[in-house]
Amino acid sequence: METVAQDIPLEHFIMLSGVLFSIGVYGVLARRNAVLILMSVELMLNAVSINMVAFAVYTAPTLFIGVIFAIFVITVAAAEVGLALAIVLRVFRNRGTANVDEVNTLRW
Amino acid sequence: MTQAFFYIMAALIVGGALGVVLVRSTVYAALLLIVSLMGVAGLYILLASEFLALVQVLIYGGAVTVLLLFALMLTRVRDLGESPNGAQWPFAALTGVALIAAFAVMMSETTWPRDTNEISVVPFTSIGDALFNRWAVPFEIASGVLLVALVGAVVIAMQEEGEA
């Protein structure tokens, strides 16, 4: 296997993926607009993909499952965003707001 | 050289992500999401997966963010000025920091299985070969997922005759 770079330790990628995931978690929990929550979910999915690809390239380049995983994550994330935005549009049409705190009719 | 590239991309990614979760305006958050995802694409180029970088730019930068911007445009409320964050944001910040701490501890405690610090190139032709031979069933299922999402999105967001 030809090598591209030799001076970036694997831990850098793992830490970057962890930080991105945590920022996504904060965004999902703190934001009130439904579309912004979806953006934070996209951040989390990208963090997972970075992690998978880094592991595949560093530890198992002949069995690159991480790259295939990242391709499928991107595919499923695109499908999920389309569907989730359709739901947000429907909720906005019925309730007049895209704010998840105000859509609380089903609460006790 | 590659280290400088990695740090630039990491700064773009983390800066864009912090902007997405902290910025007041929703459109700025969407544009900063584009910045962050393009940073991830640059990171994929550093990891010698140019196909993945291409797919990332195309799908995320071309389709997902455009869709998000359309949804932001269509679900805009007239009276802005309310806080973009919910009342539970201190707990959310605590959770985020605790997660980062957990990742750091876990990463320093584990010995990762590798011989060297080398980034090896995954040949592009073998990705295509694996995707259609070994991973053919997940590939077909993914196309089924896309079909269901497409039909479902149209059905959910469709406006019937006489509906508001």
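Conventions we followed
Residues numbered from 1 in each chain as written. Chains lettered and ligands numbered in written order. Predicted model: local features only at pLDDT ≥ 70, side-chain atom pairs only at ≥ 80, totals over all residues. Heavy atoms only, no water. Helix = DSSP H or I, 4+ residues; strand = E, 2+ residues; numbered from the N terminus. Rg over C-alpha atoms; globule rule 2.2 N^0.38 Å. Buried < 20%, exposed > 50% of the residue type's maximum accessible area, 1.4 Å probe, protein only. Areas by Shrake-Rupley, 256 points an atom, 1.4 Å probe, with all protein chains shown as cover. Lys, Arg positive; Asp, Glu negative; His and termini not counted. Charge placed at Lys NZ, Arg CZ, Asp CG, Glu CD. Axes fitted to C-alpha atoms, helices over the stretch in contact; angles between N-to-C directions. Parallel < 35°, antiparallel > 145°, perpendicular 65-115°, else oblique. Contact = heavy atoms within 4.5 Å. Nonpolar A, V, L, I, M, F, W, Y, C, P; charged D, E, K, R; others polar. pLDDT = per-residue confidence, 0-100. Phe/Tyr/Trp six-rings, centres within 6.5 Å; stacked < 30°, edge-to-face > 60°.

**A closer look at the overall build of chain B**
When you go through chain B residue by residue, the secondary structure sums to six helices and one strand. At 21 Å, chain B has a C-alpha radius of gyration far larger than the 15 Å of a compact globule built from 164 residues. Referenced to the eigenvectors of the C-alpha coordinate spread, the extents of chain B come out at roughly 65 × 45 × 30 Å. Considering chain B as a whole, with its 164 residues, one finds that 32% of them fall into the buried category. Split by element, the accessible area of chain B, about 9,600 Å² in all, is 72% carbon and sulfur. Averaging the coordinates of the 5 positive side-chain charges in chain B and doing the same for the 11 negative ones gives two points 10 Å apart.

**Thoughts on the packing of helix 3 (residues 65-95) of chain A against helix 3 (residues 50-74) of chain B**
It is the contact of helix 3 of chain A with helix 3 of chain B, at a shortest axis distance of 10 Å, that shows an interaxial angle of 5°. With respect to their mutual orientation, helix 3 of chain A and helix 3 of chain B come out roughly parallel. On helix 3 of chain B, the residues that touch V67, A70, I71, I74, A77, A78, V81, G82, L85, L89 and F92 of chain A of helix 3 of chain A are F51, L52, V55, Q56, I59, Y60, V64, L67, L68, A71 and L74 of chain B. Classifying every residue of the contact of helix 3 of chain A with helix 3 of chain B gives 20 nonpolar, two polar and no charged.

**Some remarks on the confidence of the model for chain A**
Low-confidence regions, as indicated by low pLDDT, have predicted coordinates that should not be scrutinised in detail. On average, chain A scores 88 in pLDDT, and the residues at 70 or more come to 94%. Mean pLDDT across the elements of chain A ranges from a minimum in strand 1 (residues 3-5) of chain A, with 69, to a maximum in helix 1 (residues 10-30) of chain A, with 93.

**What to know about the packing of aromatic side chains**
Within this structure, the stated rule accounts for six aromatic pairs over all chains. Geometrically, the ring pair formed by F132 of chain B and F139 of chain B is edge-to-face, given 4.9 Å between the ring centres and 70° between the ring planes. With a relative accessible area of 52%, F132 of chain B lands in the exposed category. Classification of F139 of chain B by relative accessible area gives partly exposed; the value is 29%. A connected cluster of aromatic rings, assembled from ring pairs, spans F13 and Y58 of chain A together with F6 and Y7 of chain B.

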